[in-house]
Structure formats: C-alpha cells, structure tokens
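Each chain, letter by letter, is given below.
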Amino acid sequence: MQSSTTNTTNNSNIFFSNYLNSLFQTPHRLRKRMLATWTPDQELNQVRQRSGADMKRKLKWYDLMALGIGGMLGVGVFVTTGEVTKEHSGPAVFISYTVAGIAALLSSLCYAEFSVQIPVAGGAFSYLRLTFGEYMGYFAGANILMEYVLSNAAVARTFTEYLSSAFGESPDAWRIGVGLMKGYNKLDFPAVALILLLTLCLCHSTKESSMLNLVMTVFHVVFFGFIIVAGFYNGSVDNLVKPNGLAPHGIRPIIDGAAIVYFGYIGYDSASTMAEEIQNPSKSLPIGIVGSVVITSVLYCLMSLSLCLMVPYYKIELKASFSKAFQSIGWKWAGNVVGAGASLGIVASLLVAMLGQARYLCVIGRARLVPSWLAKVHPSTGTPLNATLFLGLCTASIALFTDLDIVLEMISIGTLVVFYLVANALIYRRYVIIGNNPPSQILLFLFLLSLSAIGFSLSWKNKHHWWGLPLFGGSTLIIIALFQYMKVPCLAHQAAHSPAAWSVPYMPWPPALSIFLNVFLMTTLKKLSFQRFGIWTVLITLFYMLYGVHQTYQAEETEMISVDHDRDQVDANSSVQQTKLDNIQVMSVISQV
C-alpha cells in the first residue's frame, strides 16, 4: 500500500514538473503553433483519421436544405421578434430581418465555397485553421461553440413558453421559482428534458435524425404558411402606420434590431458542419446552404409582417408573442395551435443546432485543442458520441437557470465575429493561397476595408458625424472596386472558377460586403455585449495558452519523431535488403566460377 502511494506521489510530481517545464516554454510554442496551418488534404485524411471511424455519407441536398431551414426557422422568429418589434424596430421589423438576411446570405456564400473545397465537419474552425493558423481557428471554434450552447439553452426555454401557451397558460407557468438573482431564478425542467431527449436521439444516428428533421421542417413550413395567411387575413394595415408610422423609433433602431435578429440565421452554419456526411458535396452544399438562407429570409419577413398586421407594435407581448397575438384578435384556438406548432418548430431548430455543435467539438478534438476523447466517432452509429453527450449536458445545465435576455446579444456578437473572420479568410485563401499573390497586398486590402467599415459604423452611431457616412461608405466601394480591377486577371480568379468546384461569383464583392455588414452590425450592439465578449475571449485564450498549445505542440513533435523513426527504419531495412542482395550476387559469381 505504501509503495503504491509513493508511486502515485512520484507520478504526480513528475506530471507537475513536466507541466511547469511546458509552461516555461509557452512563448516558444506559441510562436511555433499559433500560425501553423494545414492543407486541405491533411485535414481530409490525416486529421480526420484521429476520430477512429468515419462519419457515414448518407445525406443528400434536400436533407441539407431541410437541416438548414430547420436549424433557422423558429430560432429567430419565435425568440426575438416580439422584443425587437416592441423595443427597437416597430412595424418595420421586417426591414430588420431583410438587412440581417442579406448579411447572412453573403456569409453563406463564403461558407459554401469553403465547404465545397474543404468538406469536413469543422465548419469555421477548419476554414480558419487552414487559412490563418491554429489560434484563429481555435478562437472561431470556441466562439461558435459558445454561441451554440447559449442559443440552444435560450431556445429550449422558449419552447417551454410556447408549450405552456398551447395549453392556455402563462409563459412562466411551467417554471419553478427559486431564491436566486433575477435572470437565474426560474428553473425550467421541460427545457432540460427536451435537450436530454434530443441528445439521446442524436447519439443514435445522423440519418434518422435528419429524416425526423425533414418531416418536422415540412410541417413547420406549412405551419408558417398558416400564420402568414391568417395574419394577413385578420390584420389591418393601420397597425403598420399607426400611431407613429412604420418606423416609430427612427431608422437607427431598425438597424440595431437587425443585429439582434441575426441570431435567427445561425442555422446554416450547422448545415456546413454536415459536409463529411453529404453525398456529392460540390453540388449539395451550395444548394443546401444558400437555398436554406434565401427561403428562411422570405419566411421571416412575412412572419414578422403578419405579427405587426395583427397587433399594434406597442401591444406585442415579449414572450410567446405570436400565440398572444392570435388570442388578442379573438382566435384563442389559433393561439393554442400556434403555441403547439412553435414548440415543434423549436424542437426542429434545436435538433439541427445540437447536430452541428457536436461536430464542431469533434473536429476541435481532432486538432487536440481539447481532450481527444471528444473527437471519437462511434463505429456503429457513425456519430461523435462523446461530443454529443458532453455538449448536451452543458446545454441542459444552462437551460435550467438562464433567461433569454442575458445571452441574446452575446450570441449575436460571437456569430458576427466568426462570420467576419470567414469572409476575410475566403479573400485571403482565394488570392494568396490559391492565387499566389503577395500576402502583404491582400492583408493591406483587408485592413483598409475593415478600417473603412469601422469608420462608417462609428459615424452612423454618432449622430453629429453624419459627414462620415458618405466619406467612409464611398471609400469602401472605391477600395473594393480598385482591388477587383487590379486582381481579377490574376491566377486566383482562374483557379477558383475551375469547372470542378463551385465558387463564389463576382469576387471580391460578396465577401467584402459581408465584412462591411458584419462590422456594421457588431457596432450596433450594446457596450455590455462587448464587455462579456472580451471576458470570454480572455478565458478561451488562457485555456489555449495553458492547455491547447502544449497539447498540439507535443503531439506534432511526437508525430515528427515517429515519422523520422519510420523513415530510419525503412532506410535500415533497405540497407539490409541491399546487403543480402549483394551477398547473393557474390555467391552466384563464386558458384559459377
């Protein structure tokens, strides 16, 4: 017993000694690993093999489009429309959805090209790691995971509100009040039960989960059609213009609202994480990703318009707003139906989002930036079982306590930052990695473009600096036009438009405008959002410095030693074989003599 205790103590001392030694080497390892990149071939083969089994390619383009639509429908329109309409945009909330939809469409084009060229499950994490290096990929992946977990928890709580409305009860009727601080004092056990049930479903099979989502998405679109038709039939145009016009709070709150409702467009990112499970990725991925964003944008605009036609904006309820709207016009039965339908729509959205978040964590585990057991794919189900279970438990824990208002804007800023980085990465990859242009020229263009977008955004925010709007807006267009004029004839344009793979048309306009819009929407968020985002950035950077960089550095060193050993072994075997061959030849000559 004493010997066993002594061995354990010695092992612990060795572990801490090695770890402290690693910490002293942190600056050296950061220099070597932060900007380390992989090639698409390495990502598709060498890195993917770390999961053990492969994910099974069973999905087609319509599965992907249904996943994209299912992931978006319900997340935004049922969660954010009431708040944004009443407190920001007024009846012009459909304009907020239009602006957010344009920004999402531009970002989805960038995702589509990346997913075709690099069809792996890592989404933005993989795209940025291959383009800008390990840390930037990790930063994007950590933010996407934060956004998924928080948004799924918030959406699950909204499910409880609509489900209780379906039974004619108040939105908080099924929650239990406890003596905690405001915002964390209402326990939501139905939301927890829903998340755990979906987690078990996702552990079983991706194809069956996709079929369930396909059926629910078809129902959801029909259900949306009912709300739109009923709202337009029972509504009044007077509610759009009375008492204070279409934009009662002015133009600026409409744009502020666009940044908040952008939360509803994050589902197409989930679709891109299914790239390893898609048949014919070069065709299916662009159709599925871009098509789902276009369809969802149209439905969001019509849904928000129908809500404002039924009820004056200042009377719209913040919680379960669509159910309450039907009840206010005397259609109590329809309010109950809407509550039940919205609950099912939210289930579909959660299903897709939880599908995507597990694949993100799986690929981050493959890169060894988190414990590698999270990267394991179950050989029989073909799903990332450990990552699915781990994130399901995290989401359920947050859903138990946390109200929607606390996480909503933090979700938006994390999403906007990642989409901004992906647009930058697409331009850099197209013109530097593929086009062999000097990196300094492309980085200068990206810097000037971002600087101009920040100048325009700050001018918009500061009412006294209106002169900055035409100045910075015009300079943005000039910068993009000059870059296109100088760079279009280059190799990047020809290489990216080969018939073998789909690519973003009219480069560099779509990703450049995506950069501009993402920066602009970010600056409309509250100061508290940036403070929370700053704290999160510090935490994930510390984790990278204390864990991630050391794991990847040691793993790469081990692999290099293993490769060198195998090479030496091959050389030694070749030498032995050559010696044997020489001996045989000598013996043959002697025998002939």
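These numbers were taken from a predicted model, which means no experiment stands behind them.

A. The confidence of the model for the protein chain, seen in detail. Confidence in the prediction for the protein chain averages 78 pLDDT; 81% of positions are at 70 or higher. The secondary-structure element of the protein chain with the lowest mean pLDDT is helix 21 (residues 491–496), recorded at 45, while helix 22 (residues 509–523) shows the highest, at 92. In this model residues 489–499 is a low-confidence stretch, pLDDT under 50, and it forms 19 contacts with partners more than four residues away in sequence or in other chains. Low pLDDT, under 50, characterises residues 563–568; the predicted model gives this stretch zero contacts beyond four residues in sequence or across chains.

B. How the structure looks around the nonpolar core. Core analysis: the largest hydrophobic core is formed by 164 residues, its most contacted members being Phe78, Tyr111, Tyr262, Tyr268, Phe322, Ile427 and Leu521. With residues up to four places along the chain from it excluded, the contact list for Leu521 reads Val99, Ala103, Ile255, Ala258, Ala259, Tyr262 and Leu416.

C. Quick peek at a nonpolar patch on the surface. Residues Phe232, Val294, Val298 and Leu302 make up a contiguous nonpolar surface patch of about 310 Å² in total accessible area. With three residues, helix 14 (residues 281–310) is the largest single contributor of residues to the nonpolar patch. Inspection of the secondary structure puts Val298 in helix 14.

D. Geometry of the packing of aromatic side chains. Taken as a whole and judged by the stated rule, the model has 24 aromatic pairs. A centroid spacing of 4.9 Å and a plane angle of 10° characterise the contact between Phe114 and Tyr127, whose relative ring orientation is stacked. Taken together, the residues span a long stretch of sequence, with Phe114 in helix 6 (residues 93–117) and Tyr127 in helix 7 (residues 124–132) at a distance of 13 residues. Each member of the pair Phe114 and Tyr127 is classed as buried. Ring plane angle 45° and centroid distance 6.4 Å describe the contact between Tyr135 and Tyr138, whose orientation is recorded as tilted. Residue Tyr135 and its partner Tyr138 are located together in helix 8 (residues 134–166), separated by three residues, close to a single helical turn. Take Tyr135 and Tyr138: they sit in the same class, and that class is buried. Aromatic ring contacts, followed pair by pair, group Tyr97, Tyr111, Phe114, Tyr127, Tyr262, Tyr265, Tyr300 and Phe419 into a single cluster. Positioned over the ring face of Trp460 is Arg252, at 5.0 Å from the centre of the ring.

E. Spatial organisation of the pattern of salt bridges. For the coordinates displayed, the defined rule picks out two salt bridges. A salt bridge links Glu113 to Arg430; the shortest N-O distance between them is 2.7 Å. On the criterion of sequence distance, the pair formed by Glu113 in helix 6 and Arg430 in helix 18 (residues 404–434) is long-range, its members being 317 residues apart. With respect to burial, Glu113 and Arg430 carry one shared label: buried.

F. A look at the side chain of Asn437. Among the secondary structure elements, Asn437 is positioned in the loop between helix 18 and helix 19 (439–461). The class of Asn437 is buried, set by a relative accessible area of 13%. Of the polar contacts made by the side chain of Asn437, one reaches the backbone oxygen of Tyr431; its length is 2.7 Å.

G. Just the packing of helix 7 against helix 8, in detail. Where helix 7 contacts helix 8, the axes come no closer than 7 Å and their chain directions differ by 160°. Classified by the interaxial angle, the pair formed by helix 7 and helix 8 is roughly antiparallel. Crossing angle aside, the handedness with which helix 7 passes helix 8 is right-handed. Contacts between helix 7 and helix 8 involve Ala124, Phe125, Leu128, Arg129 and Phe132 from the first element and Glu134, Met136, Gly137, Tyr138, Ala140 and Gly141 from the second.

About the cut-offs
- Residues numbered from 1 in each chain as written.
- Predicted model: local features only at pLDDT ≥ 70, side-chain atom pairs only at ≥ 80, totals over all residues.
- Heavy atoms only, no water.
- pLDDT = per-residue confidence, 0-100.
- Helix = DSSP H or I, 4+ residues; strand = E, 2+ residues; numbered from the N terminus.
- Contact = heavy atoms within 4.5 Å.
- Core = buried A, V, L, I, M, F, W, Y, C linked by side-chain atoms within 4.5 Å.
- Buried < 20%, exposed > 50% of the residue type's maximum accessible area, 1.4 Å probe, protein only.
- Patch = residues over 30% accessible without salt bridge, like charges linked within 9 Å, V, L, I, M, F, W, Y side chains within 5 Å.
- Areas by Shrake-Rupley, 256 points an atom, 1.4 Å probe, with all protein chains shown as cover.
- Salt bridge = Lys/Arg side-chain N within 4 Å of Asp/Glu carboxyl O.
- Phe/Tyr/Trp six-rings, centres within 6.5 Å; stacked < 30°, edge-to-face > 60°.
- Lys NZ or Arg CZ within 6 Å of the ring centre and 35° of its normal.
- Polar contact = N/O pair within 3.5 Å; in protein donor to acceptor, adjacent residues only side chain to side chain.
- Axes fitted to C-alpha atoms, helices over the stretch in contact; angles between N-to-C directions.
- Parallel < 35°, antiparallel > 145°, perpendicular 65-115°, else oblique.
- Left-handed = near helix turned anticlockwise from the far one by under 90°.

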